[in-house]
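Fold and contact review
Chain by chain, the residues run as shown.
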Amino acid sequence: MVISVGEPRDDVDEVVAAWRRERPDLDPDPMQVMSRISRLGRRLHQQRSRTFAEHDLDGWEFDVLSTLRRTGPPYTLSPGELVRATLVTSGTMTNRIDRLVARGWVARSPSPTDRRGVLVTLTDDGRQVVDAALSDLLDREREILAILSGEDQAGLARLLRRVLAPLEPDQK
């Protein structure tokens, strides 16, 4: 890949150039995309963590609360549904629910359809916290993407979906 005149350079350019020099028998072009996606993921994680911290939230807390919030009223799911949506183990989810209950952001209640089951419901306080964090998160993400036109953003989303979809567990 050739960098156009006026295009900004980044650390990946240096890594790729070094591999070209050290291993001329290999084509490091996949790194042009994959290393940037990886680095971007880490940078975005840092940005998100700062946004969540402004709301006294950890990323995992936002993940669980937002999963409940986007289900719509009554903002209730079983622990198993939360496990599937957040891609963690049931033991991890139990611990997370305990911690969110202690903060007053979710409540547990017995399942009306399963004597052994429980339901997890977003409380009003939890909804206020996640709504405020989501608003700030979207503002920050809009700022990051402002360097791209709306058309470029849509195109990038489309291309990333094409790469990601086959890797998603439900798509195999």
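Residues numbered from 1 in each chain as written. Predicted model: local features only at pLDDT ≥ 70, side-chain atom pairs only at ≥ 80, totals over all residues. Heavy atoms only, no water.

**Structural notes on the overall build of the protein**
Helices and strands together make up the secondary structure of the protein, namely seven helices and three strands. Seen in sequence order, the protein has helices and strands lined up from the N terminus as α-α-α-β-α-α-β-β-α-α. Against the 2.2 N^0.38 benchmark of 16 Å for 172 residues, the protein shows a C-alpha radius of gyration of 21 Å, more extended than a compact globule. Viewed in the frame of its principal axes, the protein has a C-alpha envelope of about 65 × 35 × 25 Å. In the protein, which comprises 172 residues, the proportion classed as buried is 24%. A separation of at least 24 residues holds for 47% of the contacts in the protein among residues at least 6 apart in sequence. (Helix = DSSP H or I, 4+ residues; strand = E, 2+ residues; numbered from the N terminus. Rg over C-alpha atoms; globule rule 2.2 N^0.38 Å. Buried < 20%, exposed > 50% of the residue type's maximum accessible area, 1.4 Å probe, protein only. Contact = heavy atoms within 4.5 Å.)

**So, the packing of aromatic side chains**
Note on aromatic pairs: each is described by the distance of the centres and the angle between the planes. One pass over the full model with this rule turns up one aromatic pair. Between the aromatic rings of Phe 52 and Phe 62, the centroid separation amounts to 4.5 Å while the plane-to-plane angle is 20 degrees, which identifies the pairing as stacked. Here the residue Phe 52 occupies a position in helix 2 (residues 29-53), and Phe 62 occupies one in helix 3 (residues 59-69), the gap between them amounting to ten residues. A relative accessible area of 5% means that Phe 52 is categorised as buried. Residue classification places Phe 62 among the buried positions, given a relative accessible area of 8%. (Phe/Tyr/Trp six-rings, centres within 6.5 Å; stacked < 30°, edge-to-face > 60°.)

**Examining the packing of helix 4 (residues 79-86) against helix 5 (residues 90-102)**
One can describe the packing of helix 4 onto helix 5 by two numbers: an axis separation of 9 Å at closest approach and a directional angle of 110 degrees. The angle between helix 4 and helix 5 places the two elements in the roughly perpendicular class. Where helix 4 crosses over helix 5, the two elements pack in a sense that is right-handed. Touching Pro 79, Leu 82, Val 83 and Thr 86 of helix 4 are Ser 90, Met 93 and Ile 97, all from helix 5. (Axes fitted to C-alpha atoms, helices over the stretch in contact; angles between N-to-C directions. Parallel < 35°, antiparallel > 145°, perpendicular 65-115°, else oblique. Left-handed = near helix turned anticlockwise from the far one by under 90°.)

**Re the UniProt feature "domain: HTH marR-type" (unreviewed entry) in the protein**
Per the UniProt record, the feature "domain: HTH marR-type" (unreviewed entry) sits at residues 30-165. Within the segment residues 30-165, helix and strand shares are 68% and 9% respectively, and the terminal C-alpha atoms sit 18 Å apart. (UniProt positions renumbered as here; feature names shortened; annotations may be inferred.)

**Section: helix 1 (residues 11-22)**
Here helix 1 is twelve residues long and its end C-alpha atoms lie 17 Å apart, about the 16 Å a rise of 1.5 Å per residue gives. Those residues of helix 1 lying buried are Val 12, Asp 13 and Val 16. Taken around the axis of helix 1, the buried residues stretch over an arc of 105 degrees, which confines them to a single face. What points out from helix 1, more than 90 degrees from its buried face, is the exposed set Arg 21 and Glu 22. Summarising the contacts, the buried residues of helix 1 are in contact with helix 2. Taking the backbone nitrogen of Val 12 as reference, a side-chain oxygen 3.0 Å away marks Asp 10 as the first, capping residue of helix 1. (Expected span 1.5 Å × (residues − 1). Arc of directions from axis to C-beta. Polar contact = N/O pair within 3.5 Å; in protein donor to acceptor, adjacent residues only side chain to side chain.)

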